[in-house]
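Per-entry structural report
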Amino acid sequence: MASFAVSPLSSQNLYGCEVSGLAPDSIADPKVRQALHDLWIDKGLIVFRGIGNAENQLALSAIF
């Protein structure tokens, strides 16, 4: 499943990651939701780039 890209945070490499390329309509996909949740458990911090408006941010927050 390649619905988003993951890269390390540029400021440090102890924890966290950056997610980019996540299409807002894919947030409702259960597989994408599970992948994001698993990533959060593994990395502890996710910075989302280009997610857009508050509606998309609220949809993401429901995953965590």
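What comes next is a walk through the structure. (Residues numbered from 1 in each chain as written. Predicted model: local features only at pLDDT ≥ 70, side-chain atom pairs only at ≥ 80, totals over all residues. Heavy atoms only, no water.)

**Here's the deal with helix H1 (residues 30-43)**
- In a regular helix each residue adds 1.5 Å, so 14 residues correspond to 20 Å; H1 covers 20 Å between its end C-alpha atoms and thus fits that length.
- Here H1 has its buried residues at Val32, Leu36 and Leu39. Viewed along the axis of H1, the buried residues span an arc of 60°, placing them on a single side of the element. When the buried face of H1 is taken as reference, the exposed residues oriented beyond 90 degrees from it are Pro30, Lys31, Ile41 and Asp42.
- Against strand E1 (5-8), strand E2 (17-20), strand E3 (46-48) and helix H2 (54-61) lie the buried residues of H1.
- The opening residue of H1 is Asp29, an N-cap whose side-chain oxygen sits 2.8 Å from the backbone nitrogen of Lys31.
- Backbone geometry just after H1 places Gly44 at a positive phi near 85°. (Helix = DSSP H or I, 4+ residues; strand = E, 2+ residues; numbered from the N terminus. Expected span 1.5 Å × (residues − 1). Buried < 20%, exposed > 50% of the residue type's maximum accessible area, 1.4 Å probe, protein only. Arc of directions from axis to C-beta. Contact = heavy atoms within 4.5 Å. Polar contact = N/O pair within 3.5 Å; in protein donor to acceptor, adjacent residues only side chain to side chain.)

**Looking at the nonpolar core**
- Phe4, Cys17, Val19, Leu22, Ile27, Val32, Leu36, Leu39, Ile46, Ile51, Leu60 and Ile63 together form the largest nonpolar core, which totals 12 residues.
- At the level of secondary structure, the elements contributing two or more residues to this core comprise E2 and H1.
- Take this core: its biggest share by element is three residues, from H1.
- Excluding residues within four positions of it along the chain, Cys17 makes contact with Val6, Ser7, Leu9, Leu39, Lys43, Leu45, Ile46 and Val47. (Core = buried A, V, L, I, M, F, W, Y, C linked by side-chain atoms within 4.5 Å.)

**With respect to the packing of aromatic side chains**
- Enumeration over the complete set of coordinates arrives at two aromatic pairs.
- Centroid distance Phe48 to Phe64: 6.4 Å. Interplanar angle 45°. Geometry classified as tilted. Highlighted residues: Phe48 in strand E3 and Phe64 in the segment after H2, separated in sequence by 16 residues.
- Overall, Phe48 belongs to the partly exposed group, its relative accessible area being 22%. (Phe/Tyr/Trp six-rings, centres within 6.5 Å; stacked < 30°, edge-to-face > 60°.)

**Points about the pairing of E2**
- Direction of pairing for E1 relative to E2: antiparallel, over a ladder of four bridges. Each bridged residue has a counterpart across the sheet, and for Ala5 the counterpart in E2 is Ser20.
- Of the crossover connections in this fold, the one passing from E2 over H1 to the parallel E3 is right-handed. (Pairing = 2+ DSSP bridges. Right-handed = clockwise from strand over helix to strand, strands pointing away.)

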